[in-house]
Amino acid sequence: NAGVMQNPRHLVRRRGQEARLRCSPMKGHSHVYWYRQLPEEGLKFMVYLQKENIIDESGMPKERFSAEFPKEGPSILRIQQVVRGDSAAYFCASSPRDRGNTIYFGEGSWLTVV
Amino acid sequence: SQQGEEDPQALSIQEGENATMNCSYKTSINNLQWYRQNSGRGLVHLILIRSNEREKHSGRLRVTLDTSKKSSSLLITASRAADTASYFCATDLGSDYKLSFGAGTTVTVRA
């Protein structure tokens, strides 16, 4: 999983601010996934993206959250007007394709909302 | 909804002993995966077992899958202090990418 790069590793935001989390997939991987881990819980699927396309966003909160994976550059998970309940670890994962492959996770971005 | 549930929640063992943890799930799966997470770190993939497999080994790890009971177990043999971590099972929810994780088993290996 060393190849999936996430930054920042730790981010502190005040309530109402915006948080932007970035993810560069492993080399050769064109599929990116975002998961969220609340304290003391397992990871929960949020969104699946390919370059310039959102394939499945069934796990994304309806408001304030958005994700993109542009043609050039990293995937971005954006949280607008953060609230305390958004405090969590956000993990990005990537795979070469969506079927029959292990997905590899990054080290995570820990968001703390104060 | 949470599909995989690990048991026990926490496990403390002496170095050299074996550690066994279980995972139960609710619906049919294509495969089940086990991951390790050290405190404050990302997930490391340990092993994937497909629904038509019953047992798989990787080094000191042994995973079993019983689809009739909808359960899996992870055995770590001859544990080491470095095995101290949380262990999660993840089942697919109809696709390989939409994984459902349990809350994990926290394993502490005492030197």
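Conventions we followed
- Residues numbered from 1 in each chain as written.
- Chains lettered and ligands numbered in written order.
- Predicted model: local features only at pLDDT ≥ 70, side-chain atom pairs only at ≥ 80, totals over all residues.
- Heavy atoms only, no water.
- Helix = DSSP H or I, 4+ residues; strand = E, 2+ residues; numbered from the N terminus.
- Disulfide = S-S within 2.5 Å.
- Pairing = 2+ DSSP bridges.
- Axes fitted to C-alpha atoms, helices over the stretch in contact; angles between N-to-C directions.
- Contact = heavy atoms within 4.5 Å.
- Buried area = accessible area lost by both parts, 1.4 Å probe.
- Salt bridge = Lys/Arg side-chain N within 4 Å of Asp/Glu carboxyl O.
- Polar contact = N/O pair within 3.5 Å; in protein donor to acceptor, adjacent residues only side chain to side chain.
- Nonpolar A, V, L, I, M, F, W, Y, C, P; charged D, E, K, R; others polar.

Caption draft 1: Layout of unusual backbone geometry. The amide bond that connects Asn7 of chain A to the next residue, Pro8 of chain A, takes the cis arrangement and shows omega of -5°. Topologically, Pro8 of chain A is positioned in the loop between β1 (5-7) and β2 (10-13). Here the residue pair Asp7 of chain B and Pro8 of chain B is connected by a cis peptide bond, since its omega of 0° sits within 30 degrees of zero. Positive phi, close to 45°, is recorded for Ala78 of chain B, a residue that is not glycine. Position of Ala78 of chain B relative to the elements: it lies in the loop between β8 (71-76) and β9 (85-92).

Caption draft 2: The arrangement of the state of the cysteines in detail. Residues and elements named next belong to chain A. Within the structure shown, the criterion is met by two disulfides over all chains. The side chain of Cys23 participates in a disulfide bridge whose partner is Cys92; the two sulfur atoms lie 1.8 Å from each other. Sign of the S-S torsion, about -60° for the bond between Cys23 and Cys92, identifies this disulfide as left-handed. Of the two residues, Cys23 is situated in strand β3 (residues 19-24) and Cys92 in strand β9 (residues 88-95); the sequence distance between them amounts to 69 residues.

Caption draft 3: Examining the sheet that holds strand β7 (residues 65-68) of chain A more closely. Residue and element names in this part refer to chain A. The sheet built from four strands is open, its strands ordered β1-β3-β8-β7 with antiparallel pairing. Of all the strands in the sheet, just β1 and β7 have a single pairing partner and so form its edges. Taking the axes of each pair of neighbouring strands and ignoring which way they run, one obtains an average angle of 15° across the sheet.

Caption draft 4: Examining the sheet that holds β8 of chain B more closely. Residue and element names in this part refer to chain B. Taken in spatial order, the five strands make up an open sheet running β1-β3-β8-β7-β6, and their pairing is antiparallel. Two strands close off the open sheet at either side, each with one partner strand: β1 (5-7) and β6 (55-58). The average undirected angle you get between the axes of adjacent strands in this sheet is 20°. As judged from the six bridges shared by strand β3 (residues 19-24) and β8, these two strands associate in the antiparallel manner. In the sheet register, Ala19 faces β8, and the bridge partner there is Ile76.

Caption draft 5: Spotlight on the interface of chain B and chain A. With 22 residues of chain B at the contact, the number on the chain A side is 25 residues. Interface area, chain B with chain A, both sides summed: about 1800 Å², of which 51% is carbon and sulfur. Across the pair Arg41 of chain B and Glu107 of chain A runs a salt bridge, and its minimum N-O distance is 2.4 Å. There are seven residue pairs in polar contact (both at pLDDT 80 or more) connecting chain B and chain A. Every element with two or more residues in the side of chain B that touches chain A is listed here: β4 (31-37), β5 (43-50) and β10 (99-101) of chain B. With five residues, the single largest contributor to the side of chain B that touches chain A is β5 of chain B. In terms of residue class, the side of chain B that touches chain A is built from nine nonpolar, nine polar and four charged.

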